[in-house]
Amino acid sequence: MFNPDKWNNFLNEEMLIEGRLQDTMKKYPGIPEFAIKQLSASDPSGKNAYLMWMAKELYHTGAGTYTVPGNAEEWIKSDLVPAVEAFHKAKQRISQLNKQLKKDGKDLWPNDLSQVKSLDQLEDILDALGMAGSEKKRKEKEAALGGASILQDDEDFFIIRPETKEASCFFGKKTKWCISAERSQNYFDSYTSQGKAFYFILNKNLNDDSIYRKIALVYDKQGEFESFFDVTDEEYTDSYELERILLYNLIAPAIKKNPDYPLKDEFLDMIAGALLDGQSLESFLGSNDGEEMNEEDRKLYEDIVKYLQGQGDLAYSMDEVPNIGDTILYDVDAAAYEFITLAQDTWNVINGEAYTSTMDNPPGSFDSSELRDILVDADLHHIDVTYDEEDYGDGYQWRWEAHLSVDLSTPPFNQLRYEVEDLQTGEKEITDDFEEAFGRYDDREMVRDLIQSAFDSAGMYIDEVTDDDNSTFYLRMTPDYDEHAEQGLDGFRAFVDRMERYDKHYEEAIEKTYQDLVDEEIAIDPSNALEDEEGGGRVNLKEILTNLKHMSYDIKSGQMNIYGKAIFNIPNMMRNFKELQKIFPALPDGLNSAISIPDEEKRTFERQKGYLTQFENALNDYLKSRPIKGDLLKDITDKLAAPIEKTRDKRKQIEIPGLEDKPEMGTQQGSGAEEYGKIMKQMGVDFFRPNFNFEPYIQLLDTISQGQKDAGELSIGDRKIEGAHGIGMLGFGNIPLKDLRATRKSNPEVYYAYINGFKWLDDNWQEVQDFVGEWVSSQIVPFAKSRATDPAFADLTDAEFAQRARDQRPKSGLREKDELTESIIKEMEYAKKMSGKTTAADIVWGVKNVSRVANKYSLKTLQASILEALKRVEK
């Protein structure tokens, strides 16, 4: 329903808005209509409540701002409107503050913009209130100007050179330039350090939506122009394109005065192109005959010429442009020449100023103090970074590189020994003098290669290794592609950062060099020697270890590893599987051994086999964990190696000659010697418990392969490995030889017990393997119980799948005897049915079939099943 009151209110409000607009125009007739309308459209009240005040402030900025469209638009959007918007948002807060101030008898904040005398005062008020206004922008601009140099600022162009990232961001707003990015990675510092100088041109006369409103010029370190970018970050390398854009900007005010022509980039491009070419100008005007020219285009052309001739500060005077009508035929080539010269001279002035600025203040320049500061902050302990500035033929340039050295006469390398041959006797001798062993240059080549390889493998990539004919090797590192002086300070920082990373790997590289020298048999590590250092001893550890039958040893970096391959049956798996299926019903019963089974049954068994593999892998991890393998060693010690009384015969086999010799064992005398004898009888053998390792690979269904049998022939011996089994390494790892020697000196009885332990394991390897198999078997069900509720084993508890697998009754190598019997009965019934019809081929087929069955089962089992089957068939 029509509401006359609402309608009247609407009309009154619209009349008020329009009235305020007209009043402002009358009050400030010197301000162009476009500027007043922009103020009106930007008024945060929506009712032109602030319009008159904003017009007053625009007027006070001077005609240089409000009469030029570009200047007016920029100032209104960047300075005036943000402050007024902030005040408008703060009005309610100001009212609340004033209530308290009035109670306190204090001065009130202005709550009406008409009470504020100027934009400066408004910004001060907003700052005091802590509100975001144009003051922030003003301060940003001041800070940006502090990091920039203004080359030109007139009615047409504002040209500035940003010298800081902050200045580049401020003056590059509303562009997609990576050097002005605020929210993504900014490349200003990076490019500047590489010797690039930037100049921003604000084409004041172009519209805000023009992609040429701002352009960025790029210069190299020698002041040469390289390219320019438009607002969208499109790159151009042809200066002709730039000249045409500069001409756009110069003629734009004349075009703006004619509402029939849009100030769009496409139109400007067409007009500028016409002005810069005689033939194009002729086409634009319509004809050389002044009487037949296109009147609208002719008027626009004349307006452009008239406007340019009225501008007194152009780079080139346009007074010589021919007037239309002075001659019968208009000289378009002469006119185009004038416009070409204007565009070129405008560019030449800008280019000259940019060249001078670049040469006076080269981009990316730095001095030694800046490099030194970077090095002082770097965390370098072993690598030395050097730099210098020299004339390399293309001017003075910085160079830097890094060095370190490896001296084989200093720790830890001074521990190494070298084998040399006596030239007279031909005998081999040991020396600690590296120079004596590797005196010739060609001998050192392998050492240089080894050092470089060792450092490379430690993550320190060396460019060159040299030596000075003694024991010192020099390593040199040079900058990568992005670390050279062309990248300025960024390049040096990147190089130093890489050297910092290298420095952290120095100790690792030195250790690797040491070990490689030993491993490649260039040097000898005395700490790896097994001979008794005290001399006169009756026990030679090296001889004992060399004579081990089932175990082998190796020594690196003064640490000894003693291992043997253990191959063992896992007994009682029928019982284990029955218990396992109570916990994990989805596991299989055993191997699928039927001659022919359906595809669905195969898929079921393969799925069960996958579950079993999951269980086996987890069991392997469990068995080699520290506490569990510790239990294994304890059981080996308790149940096999002790008590001594129960293994007396075995102990006699492992006693080492001289073990009973008390002086050899220590200095105990009298009652001490008697007590010592008791200790030895009690101890028998002992092991390096913390260094014990067991790395099993368990197979609960698959039979051991022939290849594994062949590879483990010595470990298997006369034993028969069938069905569930395990293969793994059993022994001791990283036993420090220095600890072993120290034990011999401080507790010789313990030392000899350790040696007994090595020999005892080797002598009883077959029995130990059998014991390991029994021990593993005893761990399977308890392990399964410990994982019964583990979410990782949820699939193994799938009762529905387990029932489906049982219904399919997969034929198993562990199935009961009556299942085999049923199979034989079926074959017999078939034979009975075919009696009298049997051919020679049928007989051959039957023999082959029985042969296949016999291969799967023992002959005794097969024989018993056949006899039982015969009885049942007869019945």
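**Notes on unusual backbone geometry**
- Residue proline 412 is reached from proline 411 by a cis peptide bond, and omega for that bond is 0°.
- With respect to the helices and strands, the residue proline 412 is situated in the loop between β8 (396–407) and β9 (418–421).
- Despite not being glycine, asparagine 48 has its phi angle at roughly 60°, a positive value.
- Turning to its location among the elements, asparagine 48 is positioned in the loop between α2 (33–42) and α3 (51–60).
- Among the residues examined, asparagine 48 registers a relative accessible area of 4% and is labelled buried.

**What to know about the packing of aromatic side chains**
- Applying the stated rule across the entire model yields 31 aromatic pairs.
- Ring plane angle 5° and centroid distance 6.2 Å describe the contact between phenylalanine 688 and phenylalanine 758, whose orientation is recorded as stacked. Within this pair, whereas phenylalanine 688 is found in the loop between α26 (671–683) and β15 (692–699), its partner phenylalanine 758 is found in helix α30 (residues 748–763), the two being separated by 70 residues in sequence. Exposure class is identical for phenylalanine 688 and phenylalanine 758. Each is buried.
- A network of ring pairs unites the aromatic residues Phe687, Phe688, Phe692, Phe732, Tyr754, Phe758 and Trp760 as a single cluster.

**Brief notes about the sheet that holds strand β5 (residues 225–229)**
- With respect to topology, 6 strands assemble into an open sheet ordered β1-β2-β3-β4-β5-β6, the strand pairing being antiparallel. For this open sheet the edge positions go to β1 (148–153) and β6 (235–236), each flanked by a neighbour on one side alone.
- As defined by bridge partners, strand β4 (residues 214–219) adjoins β5 across 4 bridges and the pair is classed as antiparallel. Each bridged residue has a counterpart across the sheet, and for alanine 216 the counterpart in β5 is phenylalanine 229.
- Contacting β2 (157–162), β3 (197–203), β4 and β5, helix α10 (residues 239–256) crosses the sheet at an angle of about 50° to β5.
- The strands touched by helix α14 (residues 332–360) within the sheet are β1, β2, β3, β4 and β5, with β4 carrying the most contacts at an inclination of about 50°.

**Details of the side chain of serine 715**
- Residue placement: serine 715 occurs in helix α28 (residues 713–716).
- Judged by relative accessible area, which is 7%, serine 715 ranks as buried.
- The contacts of serine 715, once residues within four sequence positions are left out, are His550, Lys565, Ile567, Trp765, Gln766 and Gln769.

**Regarding the nonpolar core**
- With 67 residues, the main nonpolar core has Met560, Phe615 and Phe694 as its most contacted residues.
- Sort the elements by how many residues they give to this core and helix α31 (residues 765–786) lands first, with 10 residues.
- Excluding its chain neighbours within four sequence positions, the residues that come into contact with methionine 560 are Leu530, Leu545, Asp554, Ile555, Phe732, Gly733, Asn734, Ile735, Leu737, Leu740 and Phe758.
- By size, the runner-up hydrophobic cluster in this structure holds 55 residues, among which are Ile201, Leu246, Tyr316 and Leu342.

**Regarding the confidence of the model for the protein**
- Across the protein, the average pLDDT comes to 79, with 78% of residues at or above 70.
- In the model of the protein, helix α25 (residues 662–665) stands out as the element of lowest mean pLDDT, 32, in contrast to strand β12 (residues 472–477), which has the highest, 94.

Rules and cut-offs
- Residues numbered from 1 in each chain as written.
- Predicted model: local features only at pLDDT ≥ 70, side-chain atom pairs only at ≥ 80, totals over all residues.
- Heavy atoms only, no water.
- Helix = DSSP H or I, 4+ residues; strand = E, 2+ residues; numbered from the N terminus.
- Buried < 20%, exposed > 50% of the residue type's maximum accessible area, 1.4 Å probe, protein only.
- Phe/Tyr/Trp six-rings, centres within 6.5 Å; stacked < 30°, edge-to-face > 60°.
- Pairing = 2+ DSSP bridges.
- Contact = heavy atoms within 4.5 Å.
- Axes fitted to C-alpha atoms, helices over the stretch in contact; angles between N-to-C directions.
- Core = buried A, V, L, I, M, F, W, Y, C linked by side-chain atoms within 4.5 Å.
- pLDDT = per-residue confidence, 0-100.

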